[in-house]
Amino acid sequence: MSERIVIAGAGLAGLRAAERLRELGFDGEVVVLGAEPDIAYHRPALSKQLLTGAVSRADTLLADPLEVDAEWRFGTPVTGLSPNRQVVHLRDEELHYDGLIIATGVEPRRLPGAPHGHPRVVVVRTLADTIALQRALGTNPGPVAVIGDGFIGCEVASSLREMNREVVLFGRERSLLADVLGPDIGDWLTALHTARGVHLELGTTIRRWRPARTHVGLEFADGRALEVACVVVAVGSVPAVSWLRGAKLPLDDGVVCGPTCHVVGSSTIVAAGDVARWPNLRFDPTPQREEHWLNAVEMSRAAAQNLLTGPQGSPAYTPVPRYWSEQHGVRIQVAGRPALATDTVLLESPVPGTRPITGFVRQGRLVGLIGLDSPAAVLHWTAELARQHPAPAEPPPEVRPRHRTGAVAGH
């Protein structure tokens, strides 16, 4: 009887994990369980090109299910897990696994007091969310409120201005993304949004919501009122781990993994992507989560390979984190771990006439960098960042790709 690897989550991480299993020659069953009705799609496009209409829904899909040798079960959320029996619970079925890859990602954080579920109060997390937002925009030409000053909120505000919509952006801090990009770049980004016509309400709270069929009324804490066509709630996300309650896996802002992506305490379960919290030993032994596109790709491939290898022979997953955002036509690129820094320095660009890079430094070493419209310079300094933080030396992993997963190789 062939072995079965179950992948919980059919998004980007789940797709790339399935592909990697087949690349490595795993010839058992691969079953991918997805809560959404679609195969993985380009999620960053939701707040940018798909929202503005620059690309279609079909353009965002990353693969055809027929292209990847797996059993795809869409619209099938996992509801529970029994690790001692190696069983994943579905609504009306139990599914045995020999190896499990947890790739369920994150879900939008709820804003207390907001009328979630109202058609004019939306989040931007799925294809269906963006289509709902487009529908709300199409039936009222009035201003749009965006609540949340993180990357999604700022990108949505930028896209709406590109569509010539009036935008009011609510944020908790005095400048946009200062907690991620630092105060100087945060101030610059705040000025950019203001210059491009985004009305900022920073440090303002909403006291009362008055949803109606054609609009949403908002009453501020200081007594002012605003009527908008719709509200986009973008106040962050939380790991999608509710289905793991009672499974006795270590949960702490995600599924806690060791350096090899194996869930702590298990040799048959790995996790990857937004839901996983693991120590990146290249930079810091403290477990962290990385909610970014490239990490979902790289970590899912590493997790799939290490599941086949087994925890003893697997290498640690030690990437140099990289991600980017585009707002008002400016590309913001981040590499490394800027949050670890105690100081910043301007790094000269290797390309004359382009902007310098902001370097983030700790104990005399570069730990992160941020570039604005400087892709060549970012590549140059990312290589230097990797040189200053080499991956820990390890023995080469022993990969057993045919048929058996390393997790059960002793059976």
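See the structure shown above.
Everything numeric here is computed off the predicted structure, so don't read it as measured data.

1. Brief notes about the overall build of the protein
And step 1. Assigned secondary structure in the protein consists of nine helices and 25 strands.
And step 2. Relative to a compact globule of 411 residues, whose C-alpha radius of gyration would be 22 Å, the protein shows 22 Å and is just as compact.
And step 3. Taking all 411 residues of the protein together, the buried fraction comes to 55%.
And step 4. Counted over contacts in the protein with a minimum sequence separation of 6, partners at least 24 positions apart contribute 62%.
And step 5. Carbon and sulfur atoms make up 51% of the accessible area of the protein, which totals about 18100 Å².
And step 6. The distance from the centre of the 41 positive side-chain charges to the centre of the 44 negative ones in the protein is 3 Å.

2. A short note on the pairing of strand 7 (residues 99–102)
And step 1. Where burial is concerned, the two faces of strand 7 agree: the one with Gly99 and Ile101 and the one with Leu100 and Ile102 are both buried.
And step 2. Here strand 1 (residues 4–8) runs beside strand 7; their pairing, made up of four bridges, is parallel. Residue pairing in the sheet places Val6 in a bridge with Leu100 of strand 7.
And step 3. Inspection of the sheet shows strand 7 paired to strand 19 (residues 269–271) by three bridges, in the parallel sense. Along strand 19, the bridge assignment pairs Ile102 with Ala271.

3. Some remarks on the packing of aromatic side chains
And step 1. Counted under the stated rule, the structure contains four aromatic pairs.
And step 2. Arranged with centres 5.4 Å apart and planes meeting at 85°, the rings of Phe170 and Phe220 form a pair that is edge-to-face. Residue Phe170 is located in strand 11 (residues 167–171), and its partner Phe220 is located in strand 14 (residues 216–220); the two are separated by 50 residues in the primary sequence.
And step 3. By relative accessible area, which is 3% here, Phe170 ends up buried.
And step 4. You can call Phe220 buried: its relative accessible area is 3%.
And step 5. Above the face of the Trp324 ring, Lys48 is positioned so that its terminal group lies 5.5 Å from the ring centre.
And step 6. A cation over an aromatic ring shows up here: Arg331 above the ring of Trp324, its NZ or CZ 3.8 Å from the ring centre.

4. Overview of the sheet that holds strand 16 (residues 230–233)
And step 1. Spatial strand order, 9-16-10-11-12: five strands in an open sheet with parallel pairing. In this open sheet, the two strands that pair with only one neighbour each are strand 9 (121–122) and strand 12 (199–202).
And step 2. Here strand 10 (residues 144–147) pairs with strand 16 via four bridges, running parallel. The residue bridging Ile147 from the neighbouring strand is Val233, located in strand 16.
And step 3. Across the sheet, helix 4 (residues 127–138) lies against strand 9, strand 10 and strand 16, angled at about 155° from strand 16, the strand it touches most.
And step 4. Helix 5 (residues 151–162) rests against strand 10, strand 11 and strand 16 of the sheet, and its axis sits at about 170° to strand 11.

Conventions we followed
- Residues numbered from 1 in each chain as written.
- Predicted model: local features only at pLDDT ≥ 70, side-chain atom pairs only at ≥ 80, totals over all residues.
- Heavy atoms only, no water.
- Helix = DSSP H or I, 4+ residues; strand = E, 2+ residues; numbered from the N terminus.
- Rg over C-alpha atoms; globule rule 2.2 N^0.38 Å.
- Buried < 20%, exposed > 50% of the residue type's maximum accessible area, 1.4 Å probe, protein only.
- Contact = heavy atoms within 4.5 Å.
- Areas by Shrake-Rupley, 256 points an atom, 1.4 Å probe, with all protein chains shown as cover.
- Lys, Arg positive; Asp, Glu negative; His and termini not counted.
- Charge placed at Lys NZ, Arg CZ, Asp CG, Glu CD.
- Pairing = 2+ DSSP bridges.
- Phe/Tyr/Trp six-rings, centres within 6.5 Å; stacked < 30°, edge-to-face > 60°.
- Lys NZ or Arg CZ within 6 Å of the ring centre and 35° of its normal.
- Axes fitted to C-alpha atoms, helices over the stretch in contact; angles between N-to-C directions.

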